[in-house]
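# Per-entry structural report
Residue strings, one per chain:
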Amino acid sequence: MRVYALTKMVMCAFVVSFAYAQDPIINDPDRAINTDFGDNVLEFDFPAIQVGIAEYPDGPTGVTVLRFGTATSAAVAVAVDIRGGAPGFLGNYGLVHAISLAGGSLLGLEAASGVVEGIYAEREYSTDWELIPLVSAGVIFDFHERDDSIYPDKRLGRAAFDNMETNQFPLGARGAGISATVGKLVDFSAGEPAGQGAAFLDEDGVKIFACVILNAVGAIYDRNGDIVLGDLDAESRARSGLGTNLERPIGAGPSNQVHGLPTGNTTLTVVVTNQTILGFNLVQQARQVHSSMARAIQPFHTPTDGDVLWFVSTGGTELMDISLTDFGIMASDVVWDAVLTAHP
């Protein structure tokens, strides 16, 4: 028994030693960070929103941060709608100061602590109950397209927070969407690079902003019902579409599948309005808009997607003279526009 125990101990030590020998340097304090927005940027008029991105080009992987208000602003109302079988999420407080969207799967939730640190420092480290930073976060799985273990950490989240801009949102393979792909229903090789997208509407002073980090199993469809991104056959360069995919044998595909679907996907969506919407009405707006996205992303909310939508009301505006259902329809169209811009 003693020999067995000693052998087991040596084997464990060997395994641990081997594992550490194979680990990359994750939190490298000298790793290059990119925070430049680039030229492909949506410009919009909503001063209550600040946006920052930060990327580790060595990954590549990144984080996108949305911050609401200023250093002295109170938290704003938010409702969160979580669907799909594999979400990575934290911070369902009902109120929020900022939202962190990141790659790196669950590891990327660490980036939110960098955003918390930034707000905490900005408020001179006050521990006043009403000044504690409320940061919500969601992640996508973006390790498929790279052979490293680099993820968006606290340092990267802080870099995004420290380099925020107003009325600008970088589009394409940037921030949290730098390694995102879509349209992998047949197998992962049929996917195409996606990224992050955004759109904005100002209807008589009522503002609606939406952004997405697009990393879905499903492919992307336009308003004519045509597939425009994903499910691309490498040889014919034709897009198969949902109907063709349904004809394949159930469970067919590579080994990285669960329930016949490629693993490691998620679409993260943030919708922000200045219209005052609170309580159940805000929750219902989140549900309505999230459901509407199934028109643009097919299939959506699968067992291997981790879809999360935040619906934020910054408040201060009571101009809307339409029903909440009609308002949800307007917001849904803005989100569809955002999805269609999420490509390199």
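In this report, we go over the structure that sits alongside the text. Note that the coordinates shown come from a computational prediction; the quantities given were computed from them, not determined experimentally. (Residues numbered from 1 in each chain as written. Predicted model: local features only at pLDDT ≥ 70, side-chain atom pairs only at ≥ 80, totals over all residues. Heavy atoms only, no water.)

It is the contact of helix H5 (residues 279–292) with helix H6 (residues 324–340), at a shortest axis distance of 9 Å, that shows an interaxial angle of 45 degrees. Taken together, the axes of H5 and H6 are oblique relative to one another. Judged by the sense of rotation from one axis to the other, the crossing of H5 with H6 is right-handed. Residue-level contacts link Asn 281, Gln 285, Gln 288, Val 289 and Ser 292 of H5 to Leu 324, Thr 325, Phe 327, Gly 328, Ile 329, Ala 331, Ser 332 and Val 335 of H6. Taken together, the residues of the contact of H5 with H6 break down into six nonpolar, seven polar and no charged. (Axes fitted to C-alpha atoms, helices over the stretch in contact; angles between N-to-C directions. Helix = DSSP H or I, 4+ residues; strand = E, 2+ residues; numbered from the N terminus. Parallel < 35°, antiparallel > 145°, perpendicular 65-115°, else oblique. Left-handed = near helix turned anticlockwise from the far one by under 90°. Contact = heavy atoms within 4.5 Å. Nonpolar A, V, L, I, M, F, W, Y, C, P; charged D, E, K, R; others polar.)

On to the packing of aromatic side chains, then. Taken as a whole and judged by the stated rule, the model has seven aromatic pairs. Centroid distance Phe 46 to Phe 200: 6.5 Å. Interplanar angle 55 degrees. Geometry classified as tilted. With Phe 46 in the loop between strand S1 (41–43) and strand S2 (49–56) and Phe 200 in strand S13 (residues 195–203), the pair connects residues that are 154 residues apart, well separated along the chain. Centre to centre, the rings of Phe 89 and Trp 310 are 6.0 Å apart; their planes meet at 40 degrees, and the pair counts as tilted. Remark: Trp 310 occurs in strand S21 (residues 308–317) and Phe 89 occurs in strand S5 (residues 89–90); sequence separation between them is 221 residues. Taking relative accessible area as the criterion, Phe 89 reaches 21% and is therefore assigned partly exposed. Owing to a relative accessible area of 0%, Trp 310 belongs among the buried residues under this scheme. Linked through ring pairs, Phe 44, Phe 46, Phe 169, Phe 200 and Phe 209 together constitute an aromatic cluster. If you follow Arg 31 out to its NZ or CZ, it ends over the ring of Tyr 56, 5.6 Å from the centre. (Phe/Tyr/Trp six-rings, centres within 6.5 Å; stacked < 30°, edge-to-face > 60°. Buried < 20%, exposed > 50% of the residue type's maximum accessible area, 1.4 Å probe, protein only. Lys NZ or Arg CZ within 6 Å of the ring centre and 35° of its normal.)

Further remarks concern the environment of Thr 267. With respect to the helices and strands, the residue Thr 267 is situated in strand S19 (residues 266–275). Distance from Thr 267 to Ile 213, taken between C-alpha atoms, is 5.6 Å for residues 54 residues apart in sequence.

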